[in-house]
Every structure is written in C-alpha cells, then in structure tokens.
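# Architecture at a glance
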Amino acid sequence: MRRLLAAVDARPGPDTTFALCGPPRLVATARRVLADAGADPSLVRWELFTADGTQPAPPEHAGRAPGAGEYRVTALLDGRRRAATVLPDDPALLDALLRSHPDVPYACREGVRGSCRAKVLSGQVTADREHALDERDRAAGYTLVCRARPAPPSSSSTSTPDPDRHVLFSEGDTR
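In every chain, residue numbers begin from 1 and rise along the written sequence. This being a predicted model, a pLDDT of at least 70 is required before a residue's local features are given, and a value of 80 or more before pairs of side-chain atoms are given or counted; all residues contribute to the totals for chains, interfaces and linings. Excluding hydrogens and water, the side-chain figures rest on all heavy atoms present in the structure.

## What to know about helix α3 (residues 93–100)
Buried, partly exposed and exposed residues are distinguished by accessible area as a fraction of the type maximum, computed with a 1.4 Å probe on protein chains only: under 20%, between the cut-offs, and over 50%, respectively. Every helix listed is a DSSP run of H or I at least four residues long, and every strand listed is a run of E at least two residues long, numbered separately from the N terminus. With six of its eight residues buried, α3 lies for the most part within the structure. Looking at α3, one finds that the buried residues are Leu 93, Leu 94, Asp 95, Ala 96, Leu 97 and Leu 98.

## Observations concerning the packing of aromatic side chains
Each Phe, Tyr or Trp ring (for Trp, its six-membered ring) is paired with any other whose centre lies within 6.5 Å, and the angle between the two planes then decides the class: stacked below 30 degrees, edge-to-face above 60, tilted in between. Considering all chains together, one arrives at zero aromatic pairs under this definition. In our convention, an over-ring charge means Lys NZ or Arg CZ found within 6 Å of a ring centre and within 35 degrees of that ring's normal. Geometry around Tyr 142 places Arg 117 over its ring, the cationic atom sitting 3.7 Å from the centre.

## Thoughts on the pairing of strand β2 (residues 44–48)
Taking every second residue as pointing to the same face, the buried face of β2 carries Val 44, Trp 46 and Leu 48, while none of Arg 45 and Glu 47 on the other face is buried. In the sheet, strand β1 (residues 18–22) pairs with β2 via five bridges, with the strands oriented parallel. Within the sheet, the bridge partner assigned to Leu 20 lies in β2 and is Trp 46. Following the backbone out of β1, through helix α2 (residues 24–36) and into the adjacent parallel β2, one traces a crossover that is right-handed. DSSP calls a pair of strands paired once it identifies at least 2 bridges connecting them. Note on handedness: a clockwise path from strand one over the helix to strand two, with the strands aimed away from the viewer, defines a right-handed crossover.

## Quick look at a nonpolar patch on the surface
For patch building, the residue pool is restricted to those with more than 30% relative accessible area and no salt bridge; the joining distance is 9 Å between like charges and 5 Å between nonpolar side chains (Val, Leu, Ile, Met, Phe, Trp, Tyr). Using a 1.4 Å probe, the Shrake-Rupley method yields the accessible areas, and only the shown protein chains count as cover for residues. Only one rule defines a salt bridge in this text: a Lys or Arg side-chain nitrogen within 4 Å of an Asp or Glu carboxyl oxygen. On the surface, Met 1, Leu 4 and Val 8 cluster together into a nonpolar patch covering about 290 Å² of accessible area. Within the secondary structure, Val 8 is located in the loop between α1 (2–7) and β1. A residue is classified by how much of its surface remains accessible, and Val 8, at 55% relative accessible area, is exposed.

## Section: the side chain of Glu 130
Take Glu 130: it is sitting in the loop between β6 (125–127) and α4 (135–139). Buried charge Glu 130 goes without a salt bridge, the closest partner of opposite sign being Arg 138 at 4.0 Å. Two N or O atoms count as a polar contact when they lie within 3.5 Å, although within protein this holds only if one can serve as hydrogen donor and the other as acceptor, and sequence-adjacent residues are included solely when both atoms are side-chain atoms. In this structure the side chain of Glu 130 is engaged in a polar contact, spanning 2.6 Å, whose partner is the side chain of Thr 143. Among the polar contacts made by the side chain of Glu 130, one reaches the main-chain amide nitrogen of Leu 144 at a distance of 2.7 Å. Whether two residues are in contact is decided by their heavy atoms, any of which lying within 4.5 Å being enough. In contact with Glu 130, other than residues within four places in its own chain, are Gly 111, Arg 138, Thr 143, Leu 144 and Arg 147. All tallies of charge rest on Lys and Arg as positive and Asp and Glu as negative; His and the ends of each chain are not included.

## Points about the pattern of salt bridges
What the rule picks out here adds up to six salt bridges. A salt bridge links Arg 136 to Asp 134; the nearest nitrogen and oxygen atoms lie 2.9 Å apart. Taking the relative accessible area as the measure of exposure, Arg 136 reaches 44% and is therefore partly exposed. Its salt-bridge partner being Arg 138, residue Glu 135 comes within 3.1 Å of it at the nearest N-O pair. Of this pair, Glu 135 and Arg 138 both sit in helix α4, three residues apart, which is roughly one turn of the helix.

This is the structure we're talking about:
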C-alpha cells in the first residue's frame, strides 16, 4: 500500500477524502497506512465486502411470550416519515421497514456496507456486528438498520412493555 501511494505520488492533504471497500484485513491495512501517511481518519470512509463468515445470531426472545414484543418504528427517509412495526421474529429494523417500504436503502445484512446507516433520534436500539461503524459513529448515535433492533425494556423495569413505544431515526449522511 505504501509503495502504491508512492508510485502514484499520492499525499493526503488536510481535506482529502478516501473511500475504501474490500475484505476486512485489506481495509484495516489501508486505513492504517493512510493514517501513517497523515490522512485524517475522520475523512477515511470504508465498507467491507464481508465480515468474518459467521452467520448473525438469531434474535433473542428471552422473557417474552409468543406474540409479545412488537414495536413501532418511524424512519425519516428522503424527508418523509415512514412507519413500520417490528415483529418479535424480525432480525432487525430493516426487515420491518422493507415489509412496508421496499425502497429503504441497504446493501447487505451483515453490518459491513454502511448504506443503511441511520442516526437514532429517540428511543433506543441494540445492535451487534456493526462493522461499518467506528466508535465516533456510535458515540454520535448512529446505528446500522440491518443490525439494529428496538432495545428491550430494562430488567429493572416492572412495567409491561409498551407496544406503542417508538424508535425514531433518520437516514445517515452519505459517507
């Protein structure tokens, strides 16, 4: 990678943006080399072809009776509100949205591409294997709709889960 940058006389400037896409180890190496060359890490955007080859874990339904656990979500996409209901067996918010809005943007279901990046505006979600997000994204409230689910009520809560509880999110900015 260093030789390639030298061969094309590529030098990261203060506003140079990089877009990487490839297998995990290649992307990690490229990010490290670009950082060593002085590239601003916040301007290095990346997607992965695939994660680690394992399948996502099935959704957890512990503590819920069959038919329980439906939640309403509202997405702001292209300036329009789109509502959907997340069913207990939906692996992610994406599944609920696609049932009623087949034009919702996404490119994978593994959390590696980032095209379904969204910012949670209210409510809470849980998600695993969000490879396309870094710590800054997570700290800023972003999630990947292909991996996220409404967060279960806290175990300290004695109230019954509210089926009208909403998770409101907007599509992420283009990276």
